[in-house]
Amino acid sequence: MRREIDKELNIESEEPPPEERFEIPLKNGELFNLAGIHDRNLKALRAHLNAKIIAKNDSILITASPPEDLNLAKNVVEEILNILRHRGSVDVDDVETVLRLMSDNDQPDDAKTPSGFSTIETPQKPIYLRSANQEAYYQTSQSKDIVFAVGPAGTGKTYLAVAMAVQALTRHEVKRIILVRPAVEAGENLGFLPGDLKEKVDPYFRPLYDALMDMIPPDRVKRLIERNTIEIAPLAYMRGRTLSNSFVILDEAQNTTAEQMMMFLTRLGMHSKALITGDETQIDLRNKDESGLLQAPQVLKKIKGISFVQLTEKDAVRHELVRRIINAYSDYHNGNNNDKTEAF
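Our subject in this report is the structure included herewith.

How each quantity is defined
Residues numbered from 1 in each chain as written. Predicted model: local features only at pLDDT ≥ 70, side-chain atom pairs only at ≥ 80, totals over all residues. Heavy atoms only, no water. Pairing = 2+ DSSP bridges. Helix = DSSP H or I, 4+ residues; strand = E, 2+ residues; numbered from the N terminus. Axes fitted to C-alpha atoms, helices over the stretch in contact; angles between N-to-C directions. Contact = heavy atoms within 4.5 Å. Salt bridge = Lys/Arg side-chain N within 4 Å of Asp/Glu carboxyl O. Buried < 20%, exposed > 50% of the residue type's maximum accessible area, 1.4 Å probe, protein only. Left-handed = near helix turned anticlockwise from the far one by under 90°. Phe/Tyr/Trp six-rings, centres within 6.5 Å; stacked < 30°, edge-to-face > 60°. Lys NZ or Arg CZ within 6 Å of the ring centre and 35° of its normal.

**Details of the sheet that holds strand 9 (residues 246–250)**
Piece 1. Spatially, the six strands line up as an open sheet ordered 8-7-9-10-6-11, and their pairing is parallel. Because the sheet does not close on itself, it has two edges, and the strands there are strand 8 (230–234) and strand 11 (306–310). Pairwise comparison of adjacent strand axes, ignoring direction, gives a mean angle of 15° for this sheet.
Piece 2. Where strand 6 (residues 146–150) lies against strand 10 (residues 273–278), five bridges are found, and the strand directions are parallel. Counted as the bridge partner of V150 is G278 from strand 10.
Piece 3. Helix 9 (residues 206–215) rests against strand 7 (176–181) and strand 8 of the sheet, and its axis sits at about 150° to strand 7.

Structure representation (structure tokens):
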């Protein structure tokens, strides 16, 4: 009856295209790990993909329409299965990473998918890289002695730098880890703060402490600091030193002046490596143009052995809202904010 009415009114009746199916076979015991605790992985997949995902004992059945939705769901599930078979486990963070990356790249590429990324080994746990830029950061740091990693909050600049330092120390590639930060908005006026040097600078180095204790048992971190195998110091205390057989990290480098940056870079001794991390959008210097991090690419770009890695909001591995916040602020500062609604 409906078709007859549509015909009389010259209306073309469009029926939804039939759903297509694809079945992915599973090996014995893979279903439980793939689904995750309380089916968290499956729930994340179903929430983000326009496809029906049915878990069977020996396979995953995917049905979807149009074919683009089926292909995306198929590629995502297969990539998560690749991670499971490569690592022996997979969690909801992996699922969300794959969903983000595969949605950005229609064609899966081993160099752009988590199962093809490296793993940084630390005593406490393995650290998994979660983006192509993070992989580039790691690979560049393996081949170059001085690497600048620049990008917004949450992209893993500091955390991965600490992980690489811990891995190098564990493998006896270096004898010491030296963690450096410009303290108190790059002025380093610590005298007014109560306590000894350690008590003065501890609040500014908390992110580095947190990263260390995530990768090395806390009691061992304490012993390594007491033995000076791990040293944590303000940038001003680097002047006049030569740092040999060390893995040196300069964090929050956007708050160094050009003179401080040159001073730090010329501290590097034999058999040492330096990672410099910073965020160009969070410069605390009174004159932002004086930032050593901004000047470094212009001065050092032609020197072999020094590389620059750029991380973006797509590499953010914190809460999903972090990437949106970064984008929102970037749009605002670039004049792309067209929302005239007043805030109260």
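**Overview of the pattern of salt bridges**
Piece 1. Inspection of every chain in the model, using the stated rule, returns 13 salt bridges.
Piece 2. Of the charged contacts in the structure, one is a salt bridge between D214 and K125, with a shortest N-O distance of 3.0 Å. One end of the pair, D214, is in helix 9; the other, K125, is in the loop between strand 4 (119–121) and strand 5 (126–128), and 89 residues separate them in sequence.
Piece 3. The partner of K273 in a salt bridge is D145, and the shortest N-O contact between them spans 3.9 Å. Linking K273 in strand 10 with D145 in the loop between helix 6 (132–143) and strand 6, this pair joins segments that are 128 residues apart in sequence.
Piece 4. Residue classification places K273 among the buried residues on the basis of a relative accessible area of 16%.
Piece 5. Within this structure, R87, D94 and R130 form a network of salt bridges that share partners.

**What about the packing of helix 6 against helix 7 (residues 157–170)?**
Axes are the key here: two packed helices are described by the angle between their axes and the distance separating the axes.
Piece 1. Relative orientation of the contacting elements helix 6 and helix 7 amounts to 40°, with a least axis distance of 11 Å. In the crossing of helix 6 with helix 7, the sense of the turn from one axis to the other is right-handed. Within the contact between the two elements, helix 6 uses Q134, Y137, Y138, S141 and Q142 and helix 7 uses K157, L160, A161, M164 and Q167.

**Some details on helix 11 (residues 258–265)**
Piece 1. Counting buried positions over the eight residues of helix 11 gives six, a clear majority of the element.
Piece 2. Its buried side turned inward, helix 11 meets strand 6, strand 7, strand 9, strand 10 and helix 12 (292–300).

**A closer look at the packing of aromatic side chains**
The description of an aromatic ring pair rests on the distance of the ring centres and on the angle between the ring planes.
Piece 1. Tallying each qualifying case throughout the model produces one aromatic pair.
Piece 2. Ring geometry for F148 against F308: centres 4.6 Å apart, planes inclined by 15°, an arrangement best described as stacked. Of this pair, F148 sits in strand 6 while F308 sits in strand 11, placing them 160 residues apart in sequence.
Piece 3. The ring of F22 is capped by K74, whose NZ or CZ atom sits 5.2 Å from the centre of that ring.
Piece 4. The positively charged end of R87 is found above the aromatic ring belonging to Y128, 3.7 Å away from the centroid.

**Focus on the sheet that holds strand 1 (residues 20–25)**
Piece 1. Ordered by their spatial adjacency, three strands build an open sheet running 1-3-2, and the pairing between neighbours is antiparallel. A strand with exactly one partner marks an edge of an open sheet, and here the two such strands are strand 1 and strand 2 (52–55). Pairwise comparison of adjacent strand axes, ignoring direction, gives a mean angle of 15° for this sheet.
Piece 2. As defined by bridge partners, strand 1 adjoins strand 3 (residues 59–64) across six bridges and the pair is classed as antiparallel. Across the sheet, R21 pairs through a bridge with T63, a residue of strand 3.
Piece 3. Where helix 4 (residues 67–87) meets the sheet, its contacts fall on strand 1 and strand 3, and the angle it forms with strand 1 comes to roughly 5°.

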